[in-house]
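# Tertiary structure, described
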Amino acid sequence: MTLTLQWGSATNTGLVRSQNQDAVLAAAPVFVVADGLGGHAAGEVASRLAVEAFAPLAYRSEVIRADIVQAVADAHAGILAHAAADPATAHMGTTVSGVAVVWFGESMHWLAFNVGDSRVYRVESDHLVQVTVDHSEVQQLIDAGDLAAEDAATHPRRNVVTRALGISRDPTPDCWVFPASAGERLLICTDGLTKELRDDEILAALAGATAPAAAEQLVAAALDHGGRDNVTVVVVDALPTSETSHQASEADDRTGPPVSARPS
Ligand code: CA
């Protein structure tokens, strides 16, 4: 079956922070978010450099895993070079997480990847399946059996990431590859979403909406709950091609037009 991708993204500074240090690139076959770390404007620079490293892959007919690994390496190198040249941005860093569409012959797959604690989820009708595993202190405590997953969101060290571009010596991404299927929805987000909303609240904000509307609704819901951090989301739908003909493409540069997922 031919699948058609439709996606939307949204980002917001939130209600507390003065700057938006998140960045986003949503341009099939790559969808990426980054959450900058560092004082003043440095985090903003790092996250922007991270997503810019993926820009050469935007709208390419096909990417492979090596392209993603290379883009992450390029992002890391670019952040280090910038930090070395501009002391105001020394020690800046960023998470980077996302999804790429990859092909094995005729079979479309998702490649999810992450460095840090921005996340990729598969959205099921009644629950979220977290695909990526955070590189964070609280995840290490959970893995060691020393912290219950439901207590992670309120743990005092919940914001400490253990792998980040610009900071870690070797910030290789972890990758997960799984087959795409019609009707599937993926969510990519920074922690400004997941620390503000429970899974059921995220599901409620997603329900019944097209990908572009769902992205806007998720950010609005995070703001309604306090908006204490920058919040960035990408929602990607894999639709059976026949279902998309009636869907108007919105004139919004954050909204991806429906495109055939099949490489030409
Ligand atoms: Ca954040």
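Structure: see above.
Worth saying up front: this structure is predicted, and the values here are computed from it rather than measured.

Thresholds, definitions, all that
- Residues numbered from 1 in each chain as written.
- Predicted model: local features only at pLDDT ≥ 70, side-chain atom pairs only at ≥ 80, totals over all residues.
- Heavy atoms only, no water.
- Helix = DSSP H or I, 4+ residues; strand = E, 2+ residues; numbered from the N terminus.
- Rg over C-alpha atoms; globule rule 2.2 N^0.38 Å.
- Buried < 20%, exposed > 50% of the residue type's maximum accessible area, 1.4 Å probe, protein only.
- Contact = heavy atoms within 4.5 Å.
- Areas by Shrake-Rupley, 256 points an atom, 1.4 Å probe, with all protein chains shown as cover.
- Lys, Arg positive; Asp, Glu negative; His and termini not counted.
- Charge placed at Lys NZ, Arg CZ, Asp CG, Glu CD.
- Donors = N, O, S within 2.8 Å, 3.2 Å for Na, K, Ca; no water.
- Salt bridge = Lys/Arg side-chain N within 4 Å of Asp/Glu carboxyl O.
- Core = buried A, V, L, I, M, F, W, Y, C linked by side-chain atoms within 4.5 Å.
- Polar contact = N/O pair within 3.5 Å; in protein donor to acceptor, adjacent residues only side chain to side chain.

For the protein, the helix and strand inventory stands at six helices and 12 strands. Against the 2.2 N^0.38 benchmark of 18 Å for 264 residues, the protein shows a C-alpha radius of gyration of 17 Å, consistent with a compact globule. Seen through its C-alpha atoms, the protein measures out along the principal axes to roughly 50 × 40 × 35 Å. Residue burial in the protein is summarised as follows: out of 264 residues, 53% are buried. Taking contacts inside the protein between residues at least 6 apart in sequence as the whole, the part at least 24 apart equals 70%. Total accessible area on the protein stands at roughly 11,600 Å², and carbon and sulfur atoms take up 51% of it. Each charge class in the protein can be summarised by its mean position, and for the 16 positive and 34 negative side chains these summaries are 4 Å apart.

Here we come to the coordination of the calcium ion. Coordination sphere of the calcium ion, protein contribution only: Asp35 (OD), Asp35 (OD), Asp191 (OD) and Asp229 (OD), at 2.3 to 3.1 Å. The exposure class assigned to aspartate 35 is buried, which follows from its relative accessible area of 8%.

Turning our eyes to something else, we now look at the pattern of salt bridges. Under the definition given, this model contains 14 salt bridges. Between aspartate 134 and arginine 119 there is a salt bridge, with the nearest N and O atoms lying 2.7 Å from each other. In this pair, aspartate 134 sits in the loop between strand 8 (128-130) and helix 3 (137-143) while arginine 119 sits in strand 7 (residues 119-123), placing the two residues 15 residues apart along the sequence. Judged by relative accessible area, aspartate 134 falls into the buried class, the value being 7%. For glutamate 196, the salt bridge identified is with arginine 228, shortest N-O distance 2.2 Å.

Moving on: the nonpolar core. Core analysis: the biggest nonpolar cluster contains 32 residues, and Phe54, Leu57, Ile68, Met92, Val96, Phe113 and Leu165 have the highest contact counts within it. Looking at this core, the elements with two or more residues in it are strand 2 (22-27), strand 3 (30-37), helix 1 (42-52), helix 2 (65-85), strand 5 (96-104) and strand 6 (107-115). Excluding anything up to four places from it in sequence, leucine 57 contacts Pro29, Val30, Val63, Asp67, Ile68 and Ala71. Residues Ala10, Ala209, Ala214 and Ala221 belong to the second largest nonpolar core, which totals 23 residues.

Inspection of the secondary structure assignment puts aspartate 22 in strand 2. Of the side chains with opposite charge, arginine 17 lies nearest to the buried aspartate 22, which makes no salt bridge, at 7.3 Å. One polar contact links aspartate 22 to threonine 190, side chain to side chain, over a distance of 2.9 Å. A distance of 2.8 Å separates polar atoms of two side chains, one belonging to aspartate 22 and the other to threonine 232. With sequence-adjacent residues up to four places away left out, aspartate 22 is seen in contact with Thr11, Ala34, Asp35, Gly36, Ser47, Thr190, Asn230, Val231 and Thr232.

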